[in-house]
Amino acid sequence: MGYRILETDDIPGYLRERGHWTEGTDIRVREVSDGNMNRVFLASSGDGTRSLAVKQALPWVRVAGPSWPMNPDRADAEARAYDQVAKVAPDKIPAIHGYDPENYALVMEDMSDLEVLRTRLNVGEPYGPHTSARIGEFVAQLSFATSDFGMPSAERKALIATSVSPELCEITEDVVLSEPYIEHEHNHWHEGLDDLAAAFRADGRLRTEVADLRHTFMTSAQALLHGDLHTGSVMVGEREGTHVVRVFDPEFSFVGPVGYDLGLYWANVLVAQERARALGTLSDHGGQLRLSWDAFEAEFRRLWATRIDTFFDDAYLDRFLRRVWTESLGYAGTEIVRRIIGFAHLTDLTTLPDPVPASRRALLLGRELIVRRAELPDVDAVRAAVESLT
Ligand code: SR1
Ligand code: MG
């Protein structure tokens, strides 16, 4: 039949055709599309006992429309990433019930009983004790298993080849790792940030450091990444008395530098902290970078004992982790900057009564993280950099 763009009314028939829904005909569907790229539908039985989510990639960027075409085969990358994560961290992703490559559609667990982490933070809720630790573990488990430490060399070469995702990498190389530092029609910002946006475009040191991070993003095939691990890609909540954390939306997945995933999470953590500071609702924000890094490092070191290539010695592990730390800081900086003066902004800041003071602090912090990443040896140094902002 070929690729067809699904509408709300198509979903019941689609789920039945695909064998996902065999009992009952009372299927209620609502569209809950939220991210920049795709459409998402939730289908539930009239009596509320069954539900599923359907996510479909459109042949364009959803928020831009057909004027920004985008191959829907990005959904293949997402399905492949879920397959890899399911092998090593099945408790940290939604259950995937099936992938339909003809329609670029994933049928998966309905997580609407959980809450998007960004949404929760934006209304002043805390992270809770486990969220950032689970994220750190997620990055360690996925990255170790798909690195040369955890995967045989030939298998990894095949993974690198099958995970090539030129169009989505190009989005990141553009909207995250270059456009905010040049004149570009995608860029926009609050007029109260005119001076900083202009200063960043004129800042040669900043540009060279971003170029370094961009080149690392393009060439450092360390491990399979989520590729867009911001707080809108994380759901949290309670199920049967247990705190659950689910990472979703890995469509930007490819084999790249591990620090990109950690850095994106940290950027969003740091921006959420600036929102809370502006609103006077700071709670557990300040501890999240440490919680995620400590969990990442502990899990990676635990897995190191199982490495398949023991030529990589313990001293090399220390060096590798140091490099991941430093690059994570740099990518955190680029994520902060692009979310304020680039294409896609964050509700954390845009919904503030006055976004300017918090955005200025965040932009200055982003620059610090990029240009001084090698001089910030640990979490305390980052905390000091945050507290020294004016
Ligand atoms: C054109 S898409 C812009 C952003 O949306 C996605 O969520 C990624 O973060 C991407 O950079
Ligand atoms: Mg997304």
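Residues numbered from 1 in each chain as written. Chains lettered and ligands numbered in written order. Predicted model: local features only at pLDDT ≥ 70, side-chain atom pairs only at ≥ 80, totals over all residues. Heavy atoms only, no water.

Peer 1: Tell me what's going on with the sheet that holds strand β3 (residues 51-57), and back it up with residues and numbers.
Peer 2: The strand order β1-β2-β3-β7-β6 describes an open sheet built from five strands, whose pairing is antiparallel. A single partner strand is all that each edge strand has here, and the edge strands are β1 (27-31) and β6 (96-100). In this sheet, neighbouring strand axes are inclined to one another by 20° on average, regardless of whether the strands run parallel or antiparallel. Pairing of strand β2 (residues 38-45) with β3, which is carried by seven bridges, proceeds in the antiparallel orientation. Residue pairing in the sheet places arginine 39 in a bridge with glutamine 56 of β3. (Pairing = 2+ DSSP bridges. Helix = DSSP H or I, 4+ residues; strand = E, 2+ residues; numbered from the N terminus. Axes fitted to C-alpha atoms, helices over the stretch in contact; angles between N-to-C directions.)

Peer 1: Which residues make up unusual backbone geometry, and what are the values?
Peer 2: Although it is not a glycine, glutamate 240 adopts a positive phi angle of roughly 50°. Note on placement: glutamate 240 falls in the loop between β10 (234-239) and β11 (242-247). A positive phi angle, close to 70°, is found at aspartate 249, a residue other than glycine. Within the element layout of this structure, aspartate 249 appears in the loop between β11 and β12 (255-256).

Peer 1: Any details on the nonpolar core? Residues and values, ideally.
Peer 2: Trp266, Phe296, Phe300, Ile336 and Leu369 are the most contacted members of the largest nonpolar core, which has 104 residues in total. Counting residues in each nonpolar core, the second largest holds 12 residues, with Ile11, Ile27, Phe41 and Val107 among its members. (Core = buried A, V, L, I, M, F, W, Y, C linked by side-chain atoms within 4.5 Å. Buried < 20%, exposed > 50% of the residue type's maximum accessible area, 1.4 Å probe, protein only.)

Peer 1: Explain the site of ligand 1 to me, and be specific about the residues and the numbers.
Peer 2: Neighbouring ligand 1 are Asn36, Met37, Val61, Trp68, Val175, Asp228, His230, Phe252, Arg338, Arg339 and Phe343. For ligand 1, an oxygen atom lies 2.7 Å from a polar atom in the side chain of asparagine 36. Residue arginine 338 places a side-chain N or O atom 2.8 Å away from an oxygen atom belonging to ligand 1. When ligand 1 is considered free in solution it has 310 Å² of accessible area, and contact with the protein chains removes 96% of it. Grouping the constituent residues of the shell around ligand 1 by class yields six nonpolar, two polar and three charged. (Near = heavy atom within 4 Å. Polar contact = N/O pair within 3.5 Å; in protein donor to acceptor, adjacent residues only side chain to side chain. Areas by Shrake-Rupley, 256 points an atom, 1.4 Å probe, with all protein chains shown as cover. Nonpolar A, V, L, I, M, F, W, Y, C, P; charged D, E, K, R; others polar.)

Peer 1: Break down the sheet that holds strand β8 (residues 115-116) for me, citing the residues and quoting the values.
Peer 2: Read across the open sheet, the three strands follow the order β8-β10-β11; overall the sheet is antiparallel. Every interior strand has two partners, whereas the edge strands, β8 and β11, have only one. Here β10 pairs with β11 via six bridges, running antiparallel. The residue bridging methionine 235 from the neighbouring strand is arginine 246, located in β11. Sheet strands touched by helix α4 (residues 131-145): β10 and β11. Its angle to β11, the strand with the most contacts, is close to 45°. (Contact = heavy atoms within 4.5 Å.)

Peer 1: I'd like to hear about the pattern of salt bridges, residue by residue, with values.
Peer 2: With the rule as written, the count across this model stands at 35 salt bridges. One salt bridge in this structure joins glutamate 31 and arginine 39, with 3.1 Å as the shortest N-O distance. For glutamate 31, a relative accessible area of 34% gives the class partly exposed. Across the pair arginine 277 and glutamate 387 runs a salt bridge whose closest N-O atoms are separated by 3.7 Å. Linking arginine 277 in helix α9 (residues 258-279) with glutamate 387 in helix α14 (residues 379-387), this pair joins segments that are 110 residues apart in sequence. Of the residues examined, glutamate 387 reaches a relative accessible area of 48% and is grouped as partly exposed. (Salt bridge = Lys/Arg side-chain N within 4 Å of Asp/Glu carboxyl O.)

What is shown is where atoms sit, not what they do.
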